[in-house]
Amino acid sequence: MHFITSAFWAFLPTVLALYWALRVHWRWQNALLLAASYFFYGWWDARFLLLIAGSTAVDFVVGRRLAALEAPRSRKAWLGVSLAFNLGMLAWFKYAGFLVEQWVSAWASVGVTMDPMTMQIILPVGISFYTFQTLSYSIDVYRRRIEPAQDVVAFATYVAFFPQLVAGPIERATRLLPQMLGPRSVTETSVRSGLRLMCWGVFKKVVIADSAAVYANAAFGEAGWSGPYMVVGVVAFALQIYGDFSGYSDIAIGTARLFGIRLRSNFRFPYFSRDLGEFWRRWHVSLNTWFRDYLYIPLGGSRQGRGRAVFNVAVVFLVSGLWHGADWKFVTWGAVHAACFVPLFLRGGNRRPEQVWRWSDLPKTLWTFAVVCFAWVFFRADDMGHALDVLARMGQGWTAGDAPDWKMPGYEAFAWALAAFALLEWAQFRYGVRWLWRRAWRGPWVEAVLIAVSLFFGLRQASQEFIYFAF
Amino acid sequence: MRALIHRPLAILAGVCLLWGAAHLWMGRGADAEFEQAHRGEVVVFGDSHAGDVRLPQAPRFAFPAQDLVSTWMWMDAFVRAGDADSKVKVVVLTVWPSKFLPLAERRLSGRIQEDRWGQSVLGRVGPVLGFRHMVEPAVPWRLRWRMLLNTFQLRSSIRTSGWDCQDRSIPSDYGFKMGTLVQEAPWFDGAKVSRWALGQIVRLAESQSWELVLLEHPMHRSFLDQVHPGAMADYESALKAAAEHPRITYVDMARFPLPDSGFRDYHHLNCEGSAAVADRLEPLLEGWGISP
């Protein structure tokens, strides 16, 4: 089940009502949340619940052993168990097919043909997210940053909490687990802000992402757009992926607030960034900080000389690309970001404290957006050949020629919605989220309008699957 | 925790208010179109086939893949928009077996379908939706709910007018593969909602003393050769039974020997095909004193 389905909107009030009924027993609330989360996930494919349960069991045991042991070698061994289990699971389900394919093509390049067994491995939804979450727990216990969980239900709920289970935000045990280990208060403020975030997330997904997808799909599909139309298609994809993923995150964070649980923010208006450093502090924050804390810093960070630091940055970007999928196009996407980020990194530009955005920053913002869009071409294309074809088409057709049929049904309404969206994003970025949603527009009519507009678009056009469900 | 009840209810109330406003606004627009249609003598209802009917002066209330329930609702709204000055004498309704096939019945169950045609039709029905439609027990609950919700599509116009035909015709080796449900199952028995809606349409026409023409286009042989013969016979019997009423005429051209050059696809006509239908329809209209 995903958030934009009638099943979810029946499921959520039911779970909330039961949660409310159990309000004086937080342990029972945990049990309810765990059952609801497994039901939510099992709606897709109940078989893969075994993976979540397995990951939970392994890391729960590893956590307790890590806390009980003192000998460094033993502790490392137990951490290795967690790393091997979680990364092994990820490698098998996500990368095995890719690795076999690369192995066969490497031999084929020297004239040796192989007949590999056909591997049709289904990618379990959300595996990249919850494995990172459990890994962070074991690593933090190993580093003695947190005490191991003693309550298996609370720990399992931390791993499987349904709003963020399949597409994040990737939570840290240091932040989410303590919330599972005590009573939670659902206040009027948390309900208000939660519902507001959910409605805003639905708007972003249904109105912006799904409408932009029509243009992106046409440009990247068989319509053969070129020149300015192809550029529009790429920008449309930039809007689609932002609306889609940040919309999902907003719904997840908003849903969690209805249960009195606070999740971390995942997006901070990334397209207003003035350089790539700022972009990566604003885009998919939970994943990027994960890579910073559990990959970049353990590799040595910037403490071992500039050359090593540049190498570490490159590794983080390449692994980040590979995290999205076993395909060279994702690796290239990461490499493009690394190549554009490293000069900024060498100048120390990524460490400058953020200052208030001014109109004089507009050229920098546009340039950063252009670089990000260029990289999105690799991310969205079917494969590397397709990406290069798209880039070539962006360079063609700028002179006279037949314009493609770019006016999709309802394009005027989309243009108005896009303008309103840009304005609201700008207001939140410039004056703060709280100013807009909690002071300027407090009433329930804002949510009602957001839902009505989402219904208008959602009922007129085909719904698209959330992009990050594929990762 | 109380906010968990109050706030969602407040939001829901806001959505309902916006729905009401949209419904009133769009309903007024639809009523204006119906009122205008009452100034003419002929009105066409149906689906995409209505576009192949050569009646350039007649307003058309038809949309591709339009089902019979929404057609009944449009006709009902059309009746309510009329008054004593209405000049309408003849209503032409395009029908064909597809309106009773499993696909149509599935649409009428209210389930969302990938082709989006059914969804578009619901958007056009939303504005004319009345309380009487919502309490009609024969309409499935899921369909009622979706009709209600789809007012939010804010489809502004349901009427089309004018007429144009296409020259494009199918190739001589044309073929179309029907689904097994259409070929092997007695589908007409299962078309409960569609049959009920057809009955409602017939009763509505009777109550208004209109001449109701059930117009069935020629079908390409690739359809007729595949469709379940028993189901097709039941379907034709039902239309003939409806036409026993003195003011209802069944123009049965399903097996009309139209050559391939008259079809755009297995059930749509080009200029030549439209002319063949007009040759059958125009004498009828002239008989009722109407010049097409």
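Refer to the structure printed above.
Quick caveat, the model's predicted, so the values are computed rather than measured.

Cut-offs applied
- Residues numbered from 1 in each chain as written.
- Chains lettered and ligands numbered in written order.
- Predicted model: local features only at pLDDT ≥ 70, side-chain atom pairs only at ≥ 80, totals over all residues.
- Heavy atoms only, no water.
- Helix = DSSP H or I, 4+ residues; strand = E, 2+ residues; numbered from the N terminus.
- Expected span 1.5 Å × (residues − 1).
- Buried < 20%, exposed > 50% of the residue type's maximum accessible area, 1.4 Å probe, protein only.
- Arc of directions from axis to C-beta.
- Contact = heavy atoms within 4.5 Å.
- Pairing = 2+ DSSP bridges.
- Axes fitted to C-alpha atoms, helices over the stretch in contact; angles between N-to-C directions.
- Core = buried A, V, L, I, M, F, W, Y, C linked by side-chain atoms within 4.5 Å.
- Phe/Tyr/Trp six-rings, centres within 6.5 Å; stacked < 30°, edge-to-face > 60°.
- Lys NZ or Arg CZ within 6 Å of the ring centre and 35° of its normal.

With that settled, consider helix α1 (residues 6-21) of chain A. Helix length check: α1 of chain A, at 16 residues, gives a terminal C-alpha distance of 23 Å against a target of 22 Å (1.5 Å per residue), a fit within 8%. Looking only at α1 of chain A, the buried set comprises F8, F11, L12, V15, L16 and Y19 of chain A. Relative to the axis of α1 of chain A, the buried residues are bounded by an arc of 130° and lie together on one face. Residues of α1 of chain A that are exposed and point more than 90 degrees away from the buried face comprise S6 and A21 of chain A. Each element contacted by the buried residues of α1 of chain A is listed here: α2 (26-45), α7 (162-165), α9 (188-220) and α10 (227-258) of chain A together with α1 (3-37) of chain B.

We now examine the sheet that holds strand β4 (residues 211-216) of chain B. Residue and element names in this part refer to chain B. Strand order in the open sheet formed by five strands is β2-β1-β3-β4-β5, and the pairing between neighbours is parallel. Edge strands, defined here as strands with exactly one partner in the open sheet, are β2 (60-62) and β5 (248-252). Going across the sheet, the axis of each strand differs from the next one's by a mean of 20°, ignoring polarity. Across the sheet, helix α12 (residues 271-287) touches β1 (42-46), β3 (90-95), β4 and β5, and the angle it forms with β5 is around 160°.

This next bit is on the nonpolar core. Within soluble globular proteins, side chains that are nonpolar tend to cluster in buried spots. Among the nonpolar cores identified, the biggest contains 160 residues, and Y271, W283, W376 and Y468 of chain A are the most heavily contacted of them. For this core, the element with the most residues is α9 of chain A, which contributes 17 residues. Grouped together as the second largest cluster of nonpolar side chains are 86 residues, W74, A191, V227 and V277 of chain B included.

Let us now look at the packing of aromatic side chains. Centre distance and the angle of the planes are the two values used to describe a pair of aromatic rings. Residues and elements named next belong to chain A. All chains considered together, the criterion is met by 80 aromatic pairs over all chains. For the ring pair Y242 and F421, a centre distance of 6.4 Å and an interplane angle of 50° mean the geometry is tilted. Of this pair, Y242 sits in helix α10 while F421 sits in helix α17 (residues 411-431); the two residues are 179 residues apart in sequence, bridging distant segments of the chain. Residue classification places Y242 among the buried positions, given a relative accessible area of 3%. Note on F421: relative accessible area 5%, which makes it buried. If you follow R47 out to its NZ or CZ, it ends over the ring of F48, 5.4 Å from the centre.

Residues and elements named next belong to chain B. Within β3, six of the six residues are buried, which leaves it mostly tucked inside the rest of the structure. Of the two faces of β3, both are covered, the one formed by V90, V92 and T94 as well as the one formed by V91, L93 and V95. Of the pairings in the sheet, the one linking β1 to β3 comprises four bridges and is parallel in character. Within β3, the residue paired with V44 across the bridge is V92. Judged from the six bridges that link them, β3 and β4 form a sheet pairing that is parallel. Across the sheet, V95 pairs through a bridge with E216, a residue of β4.

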